[in-house]
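# Topology and contacts: notes
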Amino acid sequence: MDFEWEDLTGIVVVGLLIGALALTLAGIETVAGFDVLASGESAVGYLAAGNFSVGVLSTGIFSVGVFAAGIFSVGIFAIGIFSIGVFSFGIYAAGFYAVQRHIKASQ
């Protein structure tokens, strides 16, 4: 059985989500001056979601973070159509460990 980096990414993302939930339930709204949960057109925070997002765990059309997911994503772990990162997953992926998914026409 081969080890796949995609499996590791899922485990770490779930851990970050649990961390954000714990901080939120504890009533902590900011960490180092940034919101724990941030959303909107432009979002900057620990867990950020928006069209343009920057955070540890960020998602959006353009996302930058340790774990970034979006159409255009840049991060250590980047998931998206166009992704750049050390561990990068996408149709057009660039990185040290890049996994490219090619869409093939049905025959």
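Residues numbered from 1 in each chain as written. Predicted model: local features only at pLDDT ≥ 70, side-chain atom pairs only at ≥ 80, totals over all residues. Heavy atoms only, no water.

### Description of the packing of aromatic side chains
Tallying each qualifying case throughout the model produces six aromatic pairs. Both rings, one in phenylalanine 52 and one in phenylalanine 62, keep their centres 5.1 Å apart while their planes meet at 0°; by these two values the pair is stacked. The class for phenylalanine 52 is partly exposed, based on a relative accessible area of 42%. For phenylalanine 62, a relative accessible area of 36% puts it in the partly exposed group. (Phe/Tyr/Trp six-rings, centres within 6.5 Å; stacked < 30°, edge-to-face > 60°. Buried < 20%, exposed > 50% of the residue type's maximum accessible area, 1.4 Å probe, protein only.)

### So, the side chain of serine 58
By secondary structure assignment, the location of serine 58 is in strand β2 (residues 34-79). A polar contact of 3.2 Å, which involves the side chain of serine 58, links it to the backbone oxygen of valine 64. Ignoring anything within four residues of it in the chain, the contact list for serine 58 reads Ala48, Ser53, Ser63, Val64, Gly65, Phe67, Ala68 and Ala69. (Helix = DSSP H or I, 4+ residues; strand = E, 2+ residues; numbered from the N terminus. Polar contact = N/O pair within 3.5 Å; in protein donor to acceptor, adjacent residues only side chain to side chain. Contact = heavy atoms within 4.5 Å.)

Such coordinate-based values are descriptive only and should not be taken to indicate function.
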